[in-house]
Structures are given as C-alpha cells and as structure tokens.
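Survey of secondary and tertiary structure
Okay, here's what each chain looks like letter by letter:
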Amino acid sequence: MAVSKVTVPVPAPESTPSDGLFTRPTWTTGIASWLTTVDHKRLGLLYIFTSFLFMAAASVEAFLIRLQLAVPNNTLLSPDAYNQMFTMHGVTMVFLAIMPLGIGFANYFVPLQIGARDLAFPRLNALGYWIYAAGGAFLYSSFFLGGAPDAGWFAYSPLTSLSNNPGNGTDFYMIGLLVGGIGTLVTAMNLIVTIVSMRAPGMTMMRVPVFTWMMLVTSFLIIFAFPPLTIALLQVIMDRTFGTLFYVPEAGGMPILWQHLFWIFGHPEVYIIVLPAFGVISEVIPTFSRKPLFGYPVVILSGIFIGFMGFAVWSHHMFTTGLGPVVNTAFALTSFVIGIPTGIKIFNWLGTIWGGKVVFTTSMLYAISFLFTFTLGGITGIMLAVPPFDAQAQDSYFVVAHFHYVMGGGALMAFFAGLYYWFPKMSGKLMDERIGKLGFWFLVPGLHLIFFPQHIAGLMGMPRRTQTYVAGIGLELPNLLSTAGTFVMLIGLILLLVNIVHGVLRGKPAGNDPWDARTLEWSVSSPPPHHNFDHQPVVNDRDALWVQKYPESVHGERVPESASEPYDAAGIHLPGQSWYPLFMGLALLVFSYALLFHNFWVVGISLAMVFFFTYAWALEGVGGHHFPAGRRGAGQHSKEGHA
Amino acid sequence: MHVRRWLQRGLAIAASVPLIAACEFSGPQSALDPAGPVAQAQRDLFVWTLWLSVPVMVGVFGVLLYSVLRFRAKNAEDERAIPHQTHGNFKLEIAWTIIPVILVILVAVPTVRTIFSTEQRVEAGPDDLAVHATGYQWWFKFDYLDHGFTTANELIIPVGTRVVVSLDSADVLHSFWVPNLAGKRDMIPNNDNQVWFVADAPGTYYGQCAELCLGAHAYMRFRVIAMEQPDYDRWIASFQNAAAQPVSADPLVERGRALVAQKGCVACHAIDGYRPGTEVGNPDFPSLTNFGLRTTVGAAIADNTPENLAAWLRDPQAMKPGNYMPTLWRADDPNREDEIEAIVAYLLSLGRDGQASGQLTLGGIHGGQ
C-alpha cells in the first residue's frame, strides 16, 4: 500500500524558485512564520489557542447572564444587552469555541495518528483557519459597530427580518456564519481526503484510531449539514439586503421554513461537536485503563450510525410548532433510536475500564466526569424526545440544562480531557497534575451546580431567554444556586489556564510517550518534528504503538520487526509557507464588511481579490525543501523513546 | 452517642426531602403541578421516564464507580502493569444493544399514545369554548369566538370545559404556555396552530410567552382564570352589557373618561361602551373593556391595584422595559398626578358598575399562593 509515500516530483532537495508573485516564505520563527504557516501542527495550535480566546469571551458573557439572573427583577443588564449576551454566548460556544477546538485537535493529531506528514492540502488547511479567525473577529466587531446579534443562536425568523430587527447585529450573524462556513467546509474536505488517502501502509480503516475515525464521520456531517444552513443564511441576507420576501410574513413568507433549514443543519451540528469528543474519550479511556478500546468496531459503527441518524431527527427541535401528531411521532421515534448507539458507546467505554489498570490522571478524571455528565444529558435528551413532555420543557430552562450537560459537561469536558492528554505532545512538557486535579474538583462540580438546578427552574415554568423572572413561584433558589455555581466553575477555569501557562513555562519534560499510550502520535518526539515521522510508519495492528511496545501482550509472540520503512532517497518534502491563505481570509473579511454596509463596489473588489488570490495561489509553485531523513534505523521509532 | 444523634437528624432531614420537594415543585407556573388532563398526561410521561432512568443511572454509575475503584492502579508499579488486552465481547454487545432497545420501547409506547390523545387537532363543538389567541409584542389578545368580544392578557374559562385555542401571531414568533394546564404551542405568523386543555378546578394559572420575541419578552405574561360556571356566565354577561356603559355619578370617573380621549389612550385601546354610539380603539392594541375586572396590569406583570395602575401610567418603561406604551406625562407636568388619579378611577370602574360588580369569585392563585 503506497498511499502515503511522500513523492513530490521535485528535483532538488533545496527550495525551488517560485512562479508566483512571492517566493513561498520560509521563516521558521517570528510572527510572519505563524501568519504564513501551512504546518498542521502550528495550525492546530492556532485553532486551539483561538478557540480558547473565544471561550474566554463566551465565559464573560455567561458570567454576566448568571449575574443578571442571580435574583428576580435584577437590572444589571437591559433586555437588549441580555439578548446580545446569550446570543453571542451561544454563537461563540458552538461556532467559535467548541467546534474549532475539536477541529484544532484534529488538525494536530489526525496526521500523527495515521502516520502522515501533514494534511492533504496544507494551504487549504491554513485557509480554513484564517477564515475561522476572520469570521470570529467579524462577529465580535459587532459589539463596536451598532450591537451584536440578539435573536438567539438559532436566529428564528421573522425575528431577523429587517422590520423586526433593523440593527445590523443580525447581518453580522448571517454574513459571519455564511463566510465562516466556507472555512469549516474546506477543513472538512481536507480531513476526508487526508484520512481516506494518506494513512500509513498497513493502516486499514479498521486500524484507524477512533479519534481520527470520528473526525472522518464529523467531516462528512459538516459537508452535508452546512449547505442547508448556507441556503437559509443567503435567503435572510437577500431579504435584508435586496428586499426579497422569503421570510417576510406580511408578504406571505413562511418563517417556519427557516426552522426546518436551520435544524437540518443544527442537529447534525450537535454531532459535529460531540463525535470528536467521543473520539477523544475513546483515546483517553483506553490509554489510562491500559487496555484496548472495548468493542472497537461497534464504537465506530455506532458513531457512523449516529452521524446518519443525526440528519433524521431535526424536527425534535420543533415539536411545539404544531407539525401534527404524525410528524411528532415520527421524529420522536427517530430521536429515541439515536439514543441506542449512544448508549452502546457508553457501555463500551465502561467495558474498556473494566478489568483495566485505571491510572487517575487529570485527563482520566475529565473522561470519567464526561461519562457521568453525558449519561445524565443523554437521559434528559430521551425525555425531551417525548413530544408531550417536550411541550412543557421546550424553550424552558430544562432544555438549557440538557444541552449544557451534553455540550458543556459532555463535549467540552471531553476536550479538556484531550487537552490534558495531548498537552505533553504539543508542548513537550507535562502539566501539573496537582493543579489539574484541584481545577477539576472546582470545574466539574461547579458545572453541575450551575446546570442541575436549571432542570428544576425549567420544570417550575422558567422560559429560557428572559432577562428576569417572577418572584414567588419557586425560581429564586435554583437561579441563585446556578449563579453561585458560576463562581465555583470560574475558579476551575482559572486553574486550568494557570496550569496551561505553568506547563508551558515550567513544565517538566514530557518525553515521547509520558502516558505509555497506544497510538502513533506518541511514537515521535514531543513536540513532534516539523516533518512528523523520520520513517514512514508501517502499521500491522490497531493500537499501532502499543503493539510495537508490547507485542506479546496482544499476540503472545513478537510481530515482524519492520515497523517502518524509509522515505524516498530524496528525503521528506516540506512545502514552503504561503501568504495566500491569510490574504484570502482578509479578502473575505473585506467582503463581509462590504456586504454588511451594502457597499457593492467594495463587494466586487473583494471578490476580485479572492479570485486573484486563488489564481496566484494556484501558480505559486511548490517551493519548500527536503528534510534528509529516512535512513533505516535512524528515527524515533526505537523503544528507547518510550523509556 | 454523637453518631446516633447525627444519624437521627440525618434521617429526619432525608425523610422530609420528598415533602419539601413536593411543595417546592408546586406552583402557578409549574409543569409538575397539573390542574387538567393535558398537563397531567404530560407530567405522567415525565415521571415515567424519570422512573425508567433510575435503573439506567444505577447501572451505569454503579458500574462506573465500581470499575474505576476496583481496577484502579494502586501504585507506580501497578501503573505500568499490563492488564489482559481484551478487545470486546460479542454477547455483551448484543446484550447492551437489546437493553436500550427495550427501554426505548417502554418510553415509546406511552409517548405515541399520549401524542395522539393530547396533540390531535380538534374542532370546537358546542360544548367547548373556542378562543382565538393572537400574540403581539408583548401581550396576548383573546377573541371569544362564540361571544364576539375581545379581551387581553387574561383568559377567563369555565371549569371542566374543553377550551380550544387557535393560535396566531401578529408579528414575530410567540408561544402560548400555561404549564399547569398544557404544554406550549408556538404562535407563528402564517401558520395555523391550536392548543386545547381543560381546567379541573377553579383557580388562576400563570402563562408566559416561551419563544424569544426580543424587547419585553421576559414580561410577556398572561393568566388563565378558571371559574365555576355561574361566575363565568356573569363574566360573559358583563362583556355583553359593556356596550351600555352608564354615566357614573362619580365626577372623578367622568373626568377620567374625558381624559382617556384627551391623552390619546383610545386611539389605540378599545373600550366597549366608551360612549354610546362611539367605537374607539384599534384591534391591534390591548382592549381595556371591563378593565376593572382584570386582576393584573401590564400583561400580567403586576396586580391590578390603584397604586400599580398609577405607576404603570406614570412610567410604563420602568415597569416593563421595552414595551410600546408611550409615557404620557412629562415628569414636571403639574397635572400629572391629578390626571392619573382620574384615569385610574375611570379604568377601575369599567365592568364594576354593572351586574358583575363585586359578584365574581376569582379562584385563588394555583398552588396556594
């Protein structure tokens, strides 16, 4: 299987002259090296860093929301300010924080897990990042340019029509998501091509690490889920910009159409966030139980099944819109069905822990808390899939509690497990386990203190998205507890940040494989060299590294010695960097503002810029240089690396 | 000695938890405190799923807790030990596929039954009360289809009668939600919707808009007041008599009647029988007909007392930020308090001069408050 022998037809080992406007840059340090990087590891770090920035902003918004709701009839935030806060909190967490965090990990670790040199299209990868960064900056600039979006993260029509919402907050939302979606799409395509065609020799699909598998499923979800959203966004942009009437009720528009289009995207989006988290958990639990994932094929298949079913449940977000008993029955049943593979996954994770040697690292603590919290969120999910009960719970704080259990306590805690797990690989240093565990014991209990009482508040009749509530109907205590929880969780978040900074500055050297882990990313140095693998790894089994280290534990005998093969005599080709991804991102940013301010000359100019940069990108040439690695026996594949 | 005392206290507290929980979860806006068959069926399904979740939680959390404790690495050497590398177990996979399937079937059967018993569209028959509810930013309009009159923010219904509410919106999305009586149903422009329910006992049930509608969304409240049939009949009669509003003997009331025209109130607000032969108001604004019979002001955000009504007229934005009611007096207007007093007297007299005056028995607030 010669899938990923890096054989680029470049004659000379050193950099080639460029055909484009610029020679492809070759900085290795400094800001310019980051602005022009096409290295998946650097881009992964940029994704993770940026998503933490946005998460910090979303945390401030959440904190203000909870302060406002601490007591009834509070006046800290005006209704308008409150609407902007929860809208931006939701938009940020979904589009700018949790989803990019998963994509960031994928950027960094998918190539390393499958033994590849980089993603298939390094510049496209950089483009995805710069569009994400530009889209996030664009959305946040709304606070300084007339007010942030305020119609909720699902922006139901006709609240977004020009007559109902004349400010340009809604335009920021629509245009920001439209342009940002391009970045997500190209990244998804890149991941699919990479995973399908660049796996190491011997790595059959049934040997691919689960995180990578889940990213493959996720990438397909992105490709099928984003187009309906794009259509809906374009319709509203056209309504607001050119006076079309898709969603104008006075002219016979159908606001309910937006809900269908949004949730055909929106429910798969839930799995776009959660499946990578499942993948992280499926790496962390086996490593710290020192056992292979229990029921690997079942876990993979249930992930695929969840991905498929994710497109068949969207109307469970619309049980109260009056679709009728037949439709509600159909979508209730599909939603129940999606609970089955989710349950199966949880059972298999438990089966992985069972009979293992559980190492209580901070990462494993977060993974265990994920199992606990996600199970609770799954149970309330089944409850909400019951349409008659949903009629009470829909749009109440019960729903708020539910999706924070699955998104916050589920996906985000899984990514924190992933952060503690992979931090040594990314930085070469260990995070402090004592600070980590201390932070955990604030963060997760704080999270439950915030969100558990919200189930009660919802059942007691508190609708979501209200900046105040009536005193005397039993809502004071759950809200006060919830607000108290934010302080507890905040301490945990601060300790997490402290630990990251401490780890980067003072962390002890991690070595290649601090956790005695199972997959290929742990076979290279920490942080990995620019070219990833000195040798092309050859995979003979699932858990490729573990089998190399402890073949007798799996086979009872040693497997053949050859665990890697040399690259071409020319060495490993490392492409030059490129300015064009950044320039394209900036051109799309100009396009976004021009469309927002209805300056169609600038719209035209910015589109011409995009076209020009695409052209120049194509003619830029290969550039780069060859790393003279590949002699048999010279790499980090020796067992000493794990000692 | 100490231990036993603490144990006794602990048991006493533990035993009182269900009691505390039971009264804490009751209330005029609680979905766990149903006062009619629809809300009851919805609550029963919730309780059923809650019971089913108990074995799931016990099983999953029990196994989780047991396995992380039982199989924990006890020391550094243990952390390097290699346990048996099991890859899976086919029988177990089958078993834990079947278990959730069974659980899901146990949820699905009563779910489908309840969907068809509570969400089926119905035609309002002669024994039903048919109401058309329209959501506006940020109040509810109720048209009594069989009686031909309109009121706002308080839906008066007879006990034990099926109330069939057709739902519409005049602007953005709203949602009609009275947790004690029925789960919510959205009010969507260009989209006929319906909700129906029955109140089993007289009482006042709180409702609230449950779909973001910006501005004063948090204050978009309403009430459903269920009355015994005789009270309800008197209430209906008072609306049918509203067309023949008598001139009051109280000069303050008559001054108020003049002022609601001078200050422009009746440009928006309808008042049936304002003056014989004069129709006032605009159907897209809350009707003030028989306002004296209302229990609340400002779309159910404050009790309808003279003080609250005066405060509302003085500064509507202070009571309900974002609403469309204009402030009618400048703060330094010397006539402000006099005029407010007169308008309050007039508005509170509406509906109270006729037969219904003082005879209506309003049910107490549901949940004993």
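A short tour of the structure in this document, coming up.

The rules we used
- Counting from 1, residues in each chain are numbered in the order their sequence is written.
- Lettering for chains starts from A, numbering for ligands starts from 1, and both go in the order in which the items are written.
- Owing to the predicted nature of the model, reporting of local features is limited to residues with pLDDT of at least 70; listing and counting of side-chain atom pairs is limited to 80 or more, with chain, interface and lining totals taken over all residues.
- Side-chain numbers come from the whole structure's heavy atoms, not from hydrogens or water.
- Secondary structure elements are defined from DSSP: runs of H or I of at least 4 residues count as helices, runs of E of at least 2 residues count as strands, and each element is numbered from the N terminus.
- Each residue is assigned to one of three classes by its accessible area relative to the maximum for its type, calculated with a 1.4 Å probe on protein chains only: buried under 20%, partly exposed between the two thresholds, exposed over 50%.
- By definition in these notes, contact holds between two residues if any of their heavy atoms fall within 4.5 Å.
- For every accessible area listed, the method is Shrake-Rupley and the probe measures 1.4 Å; residues are considered covered only by the protein chains on display.
- Stacked, tilted and edge-to-face are the three classes assigned to paired rings of Phe, Tyr and Trp, where Trp is represented by its six-membered ring and a pair needs centres within 6.5 Å; plane angles under 30 degrees give stacked, over 60 edge-to-face, the rest tilted.
- Throughout, buried area stands for the accessible area (probe radius 1.4 Å) lost by two parts on being put together, summed over both.
- Between Lys or Arg on one side and Asp or Glu on the other, a salt bridge is scored when a side-chain nitrogen of the former is within 4 Å of a carboxyl oxygen of the latter.
- Distance and chemistry together define a polar contact, namely a pair of N or O atoms within 3.5 Å, with one atom able to donate a hydrogen and the other to accept it when in protein, and with adjacent residues in sequence counting only for side-chain atoms on both sides.
- Each residue gets one label: Ala, Val, Leu, Ile, Met, Phe, Trp, Tyr, Cys and Pro are nonpolar, Asp, Glu, Lys and Arg are charged, and the others, such as Gly, are polar.
- Every axis in this analysis is a line fitted to C-alpha atoms, fitted for helices over the stretch in contact. Angles between the N-to-C directions lie between 0 and 180 degrees.
- Roughly parallel means an angle under 35 degrees; roughly antiparallel, over 145; roughly perpendicular, 65 to 115; everything else is oblique.
- Note on convention: near helix rotated counterclockwise from far helix by under a right angle means a left-handed crossing. Clockwise means right-handed.

For chain B, the count of helices and strands is 10 helices and 12 strands. By residue count, 52% of the 369 residues in chain B fall in the buried class. When contacts within chain B are restricted to residue pairs at least 6 apart in sequence, those whose partners lie at least 24 apart make up 65%. Total accessible area computed for chain B in this model is approximately 16,700 Å², and 60% of it derives from carbon and sulfur atoms.

Our next topic: the packing of aromatic side chains. In this structure the tally under the stated criterion is 77 aromatic pairs over all chains. Pairing A:Y108 with A:F109 gives two aromatic rings, centres 4.7 Å apart and planes at 40 degrees, and the pair type is tilted. Each member of the pair A:Y108 and A:F109 is classed as buried. Pairing B:F142 with B:F222 gives two aromatic rings, centres 5.9 Å apart and planes at 55 degrees, and the pair type is tilted. Placement of the pair is B:F142 in strand 2 (residues 139–144) and B:F222 in strand 10 (residues 221–227), with a sequence separation of 80 residues.

The next subject is the interface of chain A and chain B. Taken together, the 94 residues of chain A in the interface contact 86 residues of chain B. Between chain A and chain B, the buried area comes to about 7,700 Å², and carbon and sulfur atoms account for 69% of it. In this assembly, chain A and chain B are joined by 2 salt bridges. The partner of B:D78 in a salt bridge is A:K357, with the nearest N and O atoms 3.1 Å apart. Taken together, the connections running from chain A to chain B amount to 26 residue pairs in polar contact (both at pLDDT 80 or more). Looking at which element gives the most residues to the side of chain A that touches chain B, the answer is helix 9 (residues 325–353) of chain A, with 13 residues. Its residues placed into classes, the side of chain A that touches chain B shows 53 nonpolar, 30 polar and 11 charged.

Residue and element names in this part refer to chain A. Following both chains from N to C, one finds helix 3 (residues 79–113) and helix 7 (residues 255–289) inclined at 45 degrees, their axes separated by 10 Å at the closest point. Considering the angle they form, helix 3 stands oblique to helix 7. The two elements helix 3 and helix 7 cross, and the hand of that crossing is left-handed. Contact residues: helix 3 offers V94, F95, I98, M99 and Q113, while helix 7 offers F265, E269, I272, I273 and E283. For the contact of helix 3 with helix 7, a count of residues per class yields 7 nonpolar, 1 polar and 2 charged.

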